[in-house]
Amino acid sequence: MAATFDARLVDLIGDYAAKINDNHEIDLLNSAIAEVIDSVPPELLLKYAVAPIALNNSTPTWTDVEGNKVLLVTRKDAGSVDRTCELVGIPAFSQAQDDDSIYKATSHTPVSCLTTAGGTTVLDVKPITTDTETARIYYFTYPTTNQKERTDTQLNDAGIPTQLFHAIALRTATTMLQAYLSDAIQDDEDQEIVAMLQAQIGSLTSQYGVEMLRFTQGTFTQGEGNDSA
């Protein structure tokens, strides 16, 4: 049976996994997921990405950006070839709509932009999409609910790559022990236990750093990182 994050945390820090308030543990786990996801190349995440958002003539923008990480935006040209939409800032996006600008977006050089109005963020694409020249937005949704007991398959289906499970568990275990240590110090916990916890935190932090180097320095294998696999 595949391990859950709850089981992975018990493997790493034993009984201390049960000494953190459940809601706090859920928050720490989701924070660790977000941190790891934001640190790895989008190519790895694309391999597990959920079904993309489609933009067309009736839905030319994506209004549900909040709480999501945009991984890739593509737009079909007149020949139905998917072109990568460069993500640009608001000034460059304005230039991309200027007929007199050399930076005007074309179906072969499309652009996308996160624009805001009244506190609402929208992803827009130019040239504007049509019924045939459609766009696709590949994304990851940051979790806000309990992920502790979800199976590997469920986590994959939510867009979390299997290769990141250990890193997420290490980061969560570290922050859980740090939270427990903070309470222990305030409660005048035995100094021997405090020293032991500090040493374990140092070890977990080191392991997490080594694990993340596989992704941040591009040392994961072609099979792990190639979204065409």
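You'll find the structure just up there.
This text gives an overview of the structure that appears in the document. (Residues numbered from 1 in each chain as written. Predicted model: local features only at pLDDT ≥ 70, side-chain atom pairs only at ≥ 80, totals over all residues. Heavy atoms only, no water.)

**Comments concerning the overall build of the protein**
- From N to C terminus, the protein includes 8 helices and 8 strands.
- For 229 residues, the compact-globule estimate of 2.2 N^0.38 gives 17 Å, and the C-alpha radius of gyration of the protein, at 22 Å, exceeds that figure by more than 25%.
- Over its C-alpha atoms, taken along the principal directions, the protein stretches across nearly 70 × 40 × 30 Å.
- Residue pairs in contact within the protein that sit at least 24 positions apart in sequence constitute 74% of those at least 6 positions apart.
- Carbon and sulfur atoms make up 49% of the accessible area of the protein, which amounts to about 11,900 Å² in all.
- The protein carries 14 positive and 32 negative side-chain charges, and their two centres are separated by 9 Å. (Helix = DSSP H or I, 4+ residues; strand = E, 2+ residues; numbered from the N terminus. Rg over C-alpha atoms; globule rule 2.2 N^0.38 Å. Contact = heavy atoms within 4.5 Å. Areas by Shrake-Rupley, 256 points an atom, 1.4 Å probe, with all protein chains shown as cover. Lys, Arg positive; Asp, Glu negative; His and termini not counted. Charge placed at Lys NZ, Arg CZ, Asp CG, Glu CD.)

**What to know about the nonpolar core**
- Counting residues in each nonpolar core, the largest one holds 40 residues, and the members touching the most others are Phe5, Ile13, Ile33, Val36, Leu164 and Ile168.
- Elements supplying a minimum of two residues to this core: helix H1 (5-13), helix H2 (22-37), helix H3 (42-46), helix H6 (165-186) and helix H7 (191-216).
- In terms of residue count, H6 provides more of this core than any other element does, 12 residues in total.
- The next biggest cluster of nonpolar side chains, apart from the first, holds 10 residues, and it includes Leu55, Val65, Val73 and Leu123. (Core = buried A, V, L, I, M, F, W, Y, C linked by side-chain atoms within 4.5 Å. Buried < 20%, exposed > 50% of the residue type's maximum accessible area, 1.4 Å probe, protein only.)

**Some thoughts on H1**
- For H1, the full list of buried residues reads Phe5, Arg8, Leu9 and Ile13. Taken down its axis, H1 places every buried residue within 105° of arc, on the same side.
- After H1 finishes, the residue Gly14 shows a positive phi value of roughly 60°. (Arc of directions from axis to C-beta.)

**As for the environment of Cys85**
- Mapped onto the elements of the fold, Cys85 is located in the loop between strand E4 (82-84) and strand E5 (86-87).
- In this structure the C-alpha to C-alpha distance between Cys85 and Lys126, which are 41 residues apart in sequence, comes to 8.5 Å.
- Apart from residues lying up to four places away in sequence, Cys85 is in contact with Val73, Thr74, Arg75, Pro110, Val111, Ser112 and Val125.

**Quick notes on the sheet that holds strand E6 (residues 111-117)**
- Across the sheet, 4 strands lie side by side as E2-E7-E6-E5; this open sheet has mixed pairing. Two strands in the sheet have a free side with no partner beyond their single neighbour: strand E2 (61-62) and E5.
- Pairing of E2 with strand E7 (residues 120-126) involves 2 bridges; the strand directions are antiparallel. Of the residues in E7, the one forming a bridge with Trp62 is Leu123. (Pairing = 2+ DSSP bridges.)

**A closer look at the sheet that holds strand E3 (residues 68-76)**
- Pairing within the open sheet is antiparallel, and its 4 strands lie in the order E1-E8-E3-E4. In the strand order of this sheet, the two ends are held by strand E1 (53-55) and E4, each with one partner. Neighbour-to-neighbour, the strand axes of the sheet open up by a mean angle of 30°, direction not taken into account.
- Relative to E4, E3 is paired through 3 bridges, and the arrangement is antiparallel. Paired with Arg75 across the bridge in E4 is Arg83. (Axes fitted to C-alpha atoms, helices over the stretch in contact; angles between N-to-C directions.)

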